[in-house]
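Architecture and fold: a report
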Amino acid sequence: MGDRIDVIQGDITKCNVDAIVNAANTTLLGGGGVDGAIHRAAGPRLLEECRSLGGCPTGQARLTQGYDLPARWVIHTVGPVWSGGRRDEDGLLAGCYRSSLALANGQGVESIAFPSISTGAYRFPVERAAAIAVEETLRFLTGTTPPDRVTFVCFDLHTYECYRSAVERLAGGRPS
Ligand code: ADP
């Protein structure tokens, strides 16, 4: 299963995949971090489509087109704000991966790239988030295609190392 999962360090807006995932907020109207970068790269039509969606609850996901991005689709998901771990942050983060992958599956998306949801402005501890991301992805991919390929795109080295070691530990091998 590990051969269907990749970990790279880079900028998700440059990824040549069918769908990229956005770490959005509940308004879906744009923000900082990866959200801002995706809106800048996709152009103003993305915000226009997002406005028509009426927001998204934490732990769920919504699909839009990718407009000027190389990716055809953007899946917007809303991660939990970390507040110590007693507000079901783990369960909500797992929900982000599950619902994003389910949307991708329904759309026939073969390749999908995720950023490290919630570990920037939302302060979720990276090691813990990486384990949840990899566990949920493995669970989903078992017996399910599409997507055939999942890439975790990490912006900084520390995040990259956390996701790499989560894949090695949980998928029983090195990421391809
Ligand atoms: P959240 O609000 O869910 O915490 P952030 O965008 O603040 O979302 O951070 C999530 C992760 O995305 C962080 O690791 C951040 O460094 C990373 N990030 C920021 N810009 C990009 C980008 N262009 N491509 C990939 N990851 C990015």
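Along each chain, the written sequence defines residue order, and numbers are assigned to residues from 1. Owing to the predicted nature of the model, reporting of local features is limited to residues with pLDDT of at least 70; listing and counting of side-chain atom pairs is limited to 80 or more, with chain, interface and lining totals taken over all residues. Side-chain metrics in this entry use all non-hydrogen atoms of the structure; hydrogen atoms and water are not considered.

1. Section: helix α5 (residues 157–170)
- Only runs of H or I of at least four residues qualify as helices and only runs of E of at least two qualify as strands under DSSP, and these elements are numbered from the N terminus. Given the number of residues in a helix, its expected span is that number minus one, multiplied by 1.5 Å. Taking 1.5 Å per residue, 14 residues should reach 20 Å; α5 reaches 20 Å between its end C-alpha atoms and fits that length.
- By the burial criterion, the buried members of α5 are T159, C162, Y163, A166 and V167. Viewed along the axis of α5, the buried residues span an arc of 130°, placing them on a single side of the element.
- We call two residues in contact whenever any of their non-hydrogen atoms come within 4.5 Å of each other. Those residues of α5 that are buried lie in contact with β1 (5–9), α3 (89–107), α4 (126–141) and β6 (149–154).
- For α5, the side-chain oxygen to backbone nitrogen distance between the N-cap and H158 is 3.3 Å, and the N-cap itself is D156. Partly exposed residues are those whose accessible area sits between 20% and 50% of the maximum for their type, while under 20% is buried and over 50% is exposed, using a 1.4 Å probe and protein chains only. This arc corresponds to the set of directions leading from the helix axis out to the C-beta atoms. Residues adjacent in sequence count toward polar contacts only when both atoms are side-chain atoms; beyond that, a polar contact is any pair of N or O atoms within 3.5 Å, and within protein one must be able to donate a hydrogen and the other to accept it.

2. Regarding the site of the ligand
- Around the ligand sit 14 residues in total, of which D11, V34, S118, G120 and A121 are the nearest.
- Between the ligand and V34 there is a distance of 2.9 Å, counted from an oxygen atom to a backbone nitrogen or oxygen.
- Within the backbone of Y122, one N or O atom sits 3.0 Å away from an oxygen atom of the ligand.
- Relative to its unbound accessible area of 560 Å², the ligand is 89% covered by the protein chains.
- In terms of residue count, the dominant contributor to the shell around the ligand is helix α1 (residues 33–42) (three residues).
- Under the scheme applied here, ten amino acids are nonpolar (Ala, Val, Leu, Ile, Met, Phe, Trp, Tyr, Cys and Pro), four are charged (Asp, Glu, Lys and Arg), and all others, including Gly, are polar. For the shell around the ligand, the residue count by class is seven nonpolar, six polar and one charged. One heavy atom within 4 Å of a molecule or strand is enough for the residue carrying it to be called near that molecule or strand. Using a 1.4 Å probe, accessible areas were evaluated by the Shrake-Rupley method; residue-level cover was limited to the displayed protein chains.

3. Here's the deal with the packing of aromatic side chains
- Only centres within 6.5 Å qualify two rings of Phe, Tyr or Trp (six-membered ring in Trp) as a pair; their planes then separate them into stacked at under 30 degrees, edge-to-face at over 60, and tilted for everything else. This structure, assessed with the given rule, holds five aromatic pairs.
- Between the aromatic rings of Y97 and F114, the centroid separation amounts to 4.8 Å while the plane-to-plane angle is 40°, which identifies the pairing as tilted. A residue pair is termed long-range when its members are at least 10 positions apart, and Y97 in helix α3 and F114 in strand β5 (residues 111–114) qualify at 17 residues. The two residues Y97 and F114 agree in class, both being buried.
- Within the aromatic cluster, the residues linked to one another by ring pairs are Y97, F114, F152 and Y163.

4. Quick look at the pattern of salt bridges
- Criterion for a salt bridge: a side-chain nitrogen of Lys or Arg within 4 Å of a carboxyl oxygen of Asp or Glu. Using the criterion set out here, one finds seven salt bridges in the structure.
- Between D90 and R128 there is a salt bridge, and its shortest N-O distance comes to 2.8 Å. Here D90, found in helix α3, pairs with R128, found in helix α4; they are 38 residues apart in sequence, far enough to count as distant.
- Between E136 and R98 there is a salt bridge whose closest N-O contact spans 3.2 Å. Highlighted residues: E136 in helix α4 and R98 in helix α3, separated in sequence by 38 residues.
- Salt bridges sharing partners connect three or more residues here, namely R98, E136 and R139.

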